[in-house]
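So you can see what is in the structure, the chains are spelled out below.
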Amino acid sequence: MATITAQTGTERINYLNVRTTVASWLLTLDHKRIGILYLLGITLFFFLGSLAAAAIRLELATPKGDLMTSDTYNKMFTIHGVLMIFFFLIPSIPASFGNFVLPMMIGARDVAFPRLNLLSWYFYMIGGVLATIALLKGGIDTGWTFYTPYSSAFAKGEVSLAIVGVFLVGFSSIFTGINFLVTIHKMRAPGMTWFRLPLFVWAMYATSLIQVLGTPVVAITLLLVAVERTFGIGIFDPNRGGDPILFQHLFWFYSHPAVYIMILPGMGVISEVIATFSRRRVFGYHFVAFSSLAIAIIGFLVWGHHMFSTGQSIYAGIVFSFLTFLVAIPSAIKTFNWMATIWKGRVHWEAPMIYALGFLGLFVIGGLTGLHLASLATNVHLTDTYFVVAHFHYVMVGGAIMAYMAALHYWWPKMTGRMYPQSWAKLAALMVFVGFNLTFFPQFILGYMGMPRRYHSYPEEWWALNLLSSAGASILGLGYLLPAIYLVWSLKYGRIAEKNPWGARGLEWEVVDTLPHPHNFERTPIVTRPAYDYAHPEEPTAIFPAPRPAYVGGGGKDG
Amino acid sequence: MWNIPFFPPTASKEGEAISTLYWTITWLAIFFGAIVLFGAIYLAVKYRASNEAVRRDDAVETDLRLELGWTLIPLVLALAIFGWSAKLYGDIYAPREGAYEVFVVGKQWMWHCQHPNGIRENNELHLPAGRLVKVTVISQDVIHAFSIPAFRVKRDAVPGRYNTVYFTPTQPGKYHLFCTEYCGTKHSEMIGWVYVLPSEEFQQWLAKGAGGAGAAAVGLSLEEQGKQVFEGVGACNSCHMNPNAAVKAPDLRGLFGSKVKLADGRTVVADEAYIRESILNPGAKVVEGYQPVMPPYQGVLSEEQIIQLTAYIKSLAKEQPAGGK
């Protein structure tokens, strides 16, 4: 059927023009369209979360709390945290780019459960709308961490509604994880062995494991907070026989691994981008692949490092610190292997590569300052100060969002069929890098001096560094606005992209059209080469069996 | 605005050690960070596509020696830092003898500090230089955190739980006191000052009663205040240590620090946490041979009064129980 329509117009059939009604988008089962739907959703929540960030930095531009009331300020950092963590960072790369490219990368026509995939988007959007309603209807001021007994017995506002929103988005995350695990296990094309998989797929596999195993814990934990609020059952409130520290154990049991849900997909993107633009197989492929799994597994055993000063036993602290140092090693392995990939490569300084280099520079600072926090005695001094704020923004924004921007610029031609202006994109990458460092580096210094996080006002002597941080944030904001402008511009005016504009290896570039066919592959490819086979440019990554007789008259276009 | 500090003052013995550790990690981080950041840029420039003057034909796809090198060297360094930091962690959190004891209660949104001689301060804490200090913190409502950056110490004030932290102030001066665990509307106003006084001056301050604006002079010591609660608002003496009481209640003399046999067969040590729980929720741990008849004091006594009561019960530890044990 598809082949018939393909011949009727002048344009080849692709996933965008196959149907164009609104219903065809809202009811789509195509992983690529669901990826685009997610991309629109996370862009919306990223924008809302950024507005809250702007309000925070404006308030902190002066020591006194003079722009808004303390309650408003507390709601602002809660909005910022809730939207950015649950509705942007966690779904960002997996649900948008993972959905879009993962099936293509492994030679599949779709994910294993397309309906579950669409359902996950609806859970995500309903959860997001509920949380936004809660935030608009007076807001909540618990912080994204929802610590008890403040959240369960003291905080006013729509805490329970926000929790239901987060609960739903948690399920969307679980659905995506299940889908990818099954897809990677069962739907790889013939010849696509585990060690021929692109490293992005390995990273998504590790991420999905965490999503499936960790998310139910936070979902139940937050639901218990809502139960305590609604029915007065003392689970976490000590006045009713509960234990507030129990909440922290349960919360961080998910929320620390969640950090790896945010960064592992980014690491996968960086492996793809550095390999493509260095025209070289990722150095130490097996080490990079297994380091993703090591992070996913050890990452489940380090949650107690958020609680070194809460009064948990000293021995527990020592064990959690030890494991935290261990989980740092796989990230170091990846970083050195990426450098070795550039070494003796053939480096093309295109925009995605600049974002990837920016990722390396910022992620390494985020990672290394993790050592200060993994180490027990310095952690006690630095925990809950701006040092922690700076550290996790270097990992989450400098790492995960830099990688997200690299992914956006890398796969944009495949998604939209258009090229964006390279020089503008490079300028934006540079602005983000500079603006980011100006914003967050001073926060390390403030944190070491002891400035607590979530403070609406602060002592006068910390004014200059805070002002610098706020000034940097405005550059950072412009650095994020710029791509929004030129990417939208490119949809109409951008140069038409060729099938493989970067000269990359991999099924999604070598075989799949720009724009992709609704089923990605008209015939199932047989994979014959490992990922990133730049050393053998004459060998295609996949071959196709001779077409069946019934197909000959149909379309006859081989990839 | 232009008086810009870049480092916090370092005013405790433990803080000096933690500061040395901090800077060691920082210099290691700068070293490795520079290798990655400048290394990656250098390589990306040197091996740019247009540069044909570099050798690429000898490139390999993996190298076990390199992989082992950049796995093991960071691992060894990480474990060394781990061991060092664990030792310092014990110094501030593990129990130590001979400390000057201060009790701190956090509540929305103030710090309430009690000295052993009965002096109480709000949002101010006076401490002697050169002497080990033990701070016991608890919260009356939500979780707070008691943080003194100049000493590099911090301890969460958790409702229902005594936490302790140890440090030795060295430099006399005035230092920031913060709440670092988000606790609601006025979290950023839950701040105060720590004054470190030279030993003699501190003794004078203690004797004088109240120097600072936040301090309240009370003639009675902490245990004397506890005795007042015991006999007054708590009315504990209507049963405990009352030979004429209708209800048989355990004798509290010699109790603190001893082992207590419970009705369910368990044995517990009578420490601060046990005494607190037995006041607020007496049914949780009933002493062997007694009936669970004591009313719970949850919501009746404030955390300050419980600390005073505990100090009084502690002072009874030296006395012998009436009937012997």
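Residues numbered from 1 in each chain as written. Chains lettered and ligands numbered in written order. Predicted model: local features only at pLDDT ≥ 70, side-chain atom pairs only at ≥ 80, totals over all residues.

## So, the overall build of chain A
Link 1 in the chain: A count of helical and extended segments in chain A gives 17 helices and two strands.
Link 2 in the chain: Taken against the 2.2 N^0.38 rule, which gives 24 Å for 559 residues, the C-alpha radius of gyration of chain A at 24 Å falls within 12% of a compact globule.
Link 3 in the chain: Considered along the principal axes of its C-alpha atoms, chain A spans approximately 75 × 50 × 45 Å.
Link 4 in the chain: By the burial criterion, 62% of the 559 residues in chain A qualify as buried.
Link 5 in the chain: Taking the intrachain contacts of chain A between residues at least 6 apart in sequence as the baseline, contacts between residues at least 24 apart amount to 83%. (Helix = DSSP H or I, 4+ residues; strand = E, 2+ residues; numbered from the N terminus. Rg over C-alpha atoms; globule rule 2.2 N^0.38 Å. Buried ≥ 20, exposed ≤ 12 C-beta atoms within 10 Å, placed from the backbone. Contact = placed C-beta atoms within 7 Å.)

## Some details on the overall build of chain B
Link 1 in the chain: The secondary structure content of chain B amounts to six helices and 13 strands.
Link 2 in the chain: Its C-alpha atoms give chain B a radius of gyration of 27 Å, clearly above 20 Å, the size a compact globule of 325 residues would have.
Link 3 in the chain: Counting the 325 residues in chain B, one finds 38% classified as buried.
Link 4 in the chain: Considering only contacts in chain B between residues 6 or more positions apart, those separated by 24 or more positions represent 68%.

## Regarding the pairing of strand β8 (residues 163–167) of chain B
Residues and elements named next belong to chain B.
Link 1 in the chain: When you tally the buried positions in β8, you get four out of five residues, the bulk of the element.
Link 2 in the chain: By the bridge criterion, five bridges tie strand β5 (residues 133–139) to β8 in an arrangement that is antiparallel. Its bridge partner being in β8, K134 is matched across the sheet by Y166. (Pairing = 2+ DSSP bridges.)

## With respect to the interface of chain A and chain B
Link 1 in the chain: Counting from both sides, the interface comprises 74 residues of chain A and, opposite them, 75 residues of chain B.
Link 2 in the chain: For the side of chain A that touches chain B, the element with the highest residue contribution is helix α11 (residues 314–342) of chain A, accounting for 15 residues.
Link 3 in the chain: The residue inventory of the side of chain A that touches chain B, partitioned by class, reads 42 nonpolar, 24 polar and eight charged. (Nonpolar A, V, L, I, M, F, W, Y, C, P; charged D, E, K, R; others polar.)

## What about the nonpolar core?
Link 1 in the chain: In this structure, V201, I270, A356, F359, A403, A406 and A407 of chain A are the most contacted members of the largest nonpolar core, which totals 265 residues.
Link 2 in the chain: In terms of residues, this core owes the most to one element, helix α14 (residues 386–416) of chain A, which gives 23 residues.
Link 3 in the chain: In this structure, this core is formed jointly by two domains, domain 1 (7–47 + 63–219) and domain 2 (222–318) of chain B, each of which donates at least three residues.
Link 4 in the chain: Aside from chain neighbours lying at most four places away, what touches F359 of chain A is I270, G399, M402, A403 and A406 of chain A. (Core = buried A, V, L, I, M, F, W, Y, C linked by C-beta atoms within 7 Å. Domains from an automatic or database assignment.)

## Concerning the pairing of strand β9 (residues 173–179) of chain B
All names here are of chain B.
Link 1 in the chain: Most of β9 sits out of view: five of its seven residues are buried.
Link 2 in the chain: Relative to β9, strand β6 (residues 144–148) runs antiparallel, the two being bridged by two bridges. The residue bridging S147 from the neighbouring strand is F178, located in β9.
Link 3 in the chain: Sheet analysis places β9 next to strand β10 (residues 192–197), joined by five bridges and oriented antiparallel. Pairing of H176 across the sheet is with W193, part of β10.

## Some points on the packing of helix α9 (residues 244–278) of chain A against helix α10 (residues 285–298) of chain A
Residues and elements named next belong to chain A.
Link 1 in the chain: It is the contact of α9 with α10, at a shortest axis distance of 11 Å, that shows an interaxial angle of 175°. One way to sum up the angle between α9 and α10 is to call them roughly antiparallel. Of the residues in α10, those in contact with Y260, L264, M267 and S271 of α9 are V288, S292, I295 and A296.
Link 2 in the chain: Residues belonging to the contact of α9 with α10 are distributed by class as follows: six nonpolar, two polar and no charged. (Axes fitted to C-alpha atoms, helices over the stretch in contact; angles between N-to-C directions. Parallel < 35°, antiparallel > 145°, perpendicular 65-115°, else oblique.)

## Examining the domain arrangement of chain B
Residue and element names in this part refer to chain B.
Link 1 in the chain: Per the domain assignment, the segments making up chain B are domain 1 (7–47 + 63–219) and domain 2 (222–318).
Link 2 in the chain: On the domain 2 side, the residues contacting the ten residues of domain 1 number ten residues.
Link 3 in the chain: Partitioned by chemical class, the residues of the side of domain 1 that touches domain 2 number six nonpolar, four polar and no charged.

## A few points about unusual backbone geometry
All names here are of chain A.
Link 1 in the chain: That bond from T148 to P149 is cis: its omega, 0°, falls within 30 degrees of zero.
Link 2 in the chain: Following the sequence through the fold, P149 ends up in the loop between α5 (114–136) and α6 (150–154).
Link 3 in the chain: With an omega of -15°, the peptide bond running from T514 to L515 counts as cis.
Link 4 in the chain: With respect to the helices, strands and loops of the structure, L515 is situated in the loop between α17 (507–510) and β1 (526–527).
Link 5 in the chain: With a phi angle near 65°, K344 is a residue other than glycine that sits in the positive phi range.

## So, the sheet that holds β10 of chain B
All names here are of chain B.
Link 1 in the chain: Ordered by their spatial adjacency, five strands build an open sheet running β4-β10-β9-β6-β7, and the pairing between neighbours is mixed. Only two strands of the sheet have a single partner each, and these edge strands are β4 (124–128) and β7 (153–157). Adjacent strand axes in the sheet meet at a mean angle of 20°, parallel and antiparallel pairs treated alike.
Link 2 in the chain: Where β6 lies against β7, five bridges are found, and the strand directions are antiparallel.

## Focus: the environment of M110 of chain B
Residue and element names in this part refer to chain B.
Link 1 in the chain: Take M110: it is sitting in strand β2 (residues 110–114).
Link 2 in the chain: Counting along the chain gives 194 residues from M110 to E304, while the straight-line C-alpha distance between them is 13 Å.
Link 3 in the chain: Leave out the neighbours within four places in its chain, and M110 touches N122, N123 and M190.

## Points about the confidence of the model for chain A
Residue and element names in this part refer to chain A.
Link 1 in the chain: Put simply, chain A has an average pLDDT of 93, and 96% of its residues get 70 or more.
Link 2 in the chain: Of the regions scoring below 50 in pLDDT, residues 1–9 engages in nine contacts with residues more than four places distant in sequence or in other chains.
Link 3 in the chain: Note on residues 552–559: pLDDT under 50 across the span, and seven contacts to partners over four residues away in sequence or across chains. (pLDDT = per-residue confidence, 0-100.)

## A short note on the packing of α9 of chain A against α11 of chain A
Residue and element names in this part refer to chain A.
Link 1 in the chain: Following both chains from N to C, one finds α9 and α11 inclined at 15°, their axes separated by 9 Å at the closest point. In terms of axis orientation, α9 runs roughly parallel to α11. Remark: the crossing between α9 and α11 carries left-handed chirality. Every residue of α11 that contacts α9 at M267, I270, I274, A275 and S278 is listed here: K334, W338, T341 and I342.
Link 2 in the chain: When the residues that make up the contact of α9 with α11 are grouped by side-chain class, the tally is six nonpolar, two polar and one charged. (Left-handed = near helix turned anticlockwise from the far one by under 90°.)

## Comments concerning α9 of chain A
Residues and elements named next belong to chain A.
Link 1 in the chain: A rise of 1.5 Å per residue sets the reference length of α9, with its 35 residues, at 51 Å; its end C-alpha atoms lie 51 Å apart and thus fit the reference within 8%.
Link 2 in the chain: Its axis deflected by about 35° at W252, α9 carries its strongest bend there.
Link 3 in the chain: Burial runs high along α9: 32 of the 35 residues are buried.
Link 4 in the chain: Directly beyond the C-terminal end of α9, a positive phi value near 50° is found at R279. (Expected span 1.5 Å × (residues − 1). Bend = angle between axes of the 7 residues up to and from the residue.)

## Thoughts on the confidence of the model for chain B
Detailed reading of predicted coordinates is not advised where the pLDDT is low.
Link 1 in the chain: For chain B, the mean per-residue pLDDT works out to 90, and 95% of the residues sit at or above 70.
Link 2 in the chain: The ipTM, which scores confidence in the relative placement of chains, is 0.91 for this predicted complex, and the corresponding pTM is 0.92.

## Section: the environment of R229 of chain A
All names here are of chain A.
Link 1 in the chain: Looking at where R229 falls in the secondary structure, it is placed in helix α8 (residues 199–231).
Link 2 in the chain: Residue classification places R229 among the partly exposed residues on the basis of 18 C-beta atoms within 10 Å.
Link 3 in the chain: When the C-alpha atoms of R229 and A294 are compared, they prove to be 38 Å apart, with 65 residues separating the residues in sequence.
Link 4 in the chain: If sequence neighbours within four positions are ignored, R229 has contacts with S152, V159 and S160.

## Notes on the environment of L72 of chain B
Residue and element names in this part refer to chain B.
Link 1 in the chain: Mapped onto the secondary structure, L72 falls in helix α2 (residues 64–93).
Link 2 in the chain: Exposure remark for L72: the 11 C-beta atoms within 10 Å place this residue in the exposed category.
Link 3 in the chain: Between the C-alpha atoms of L72 and T24, which are 48 residues apart in sequence, the distance is 19 Å.

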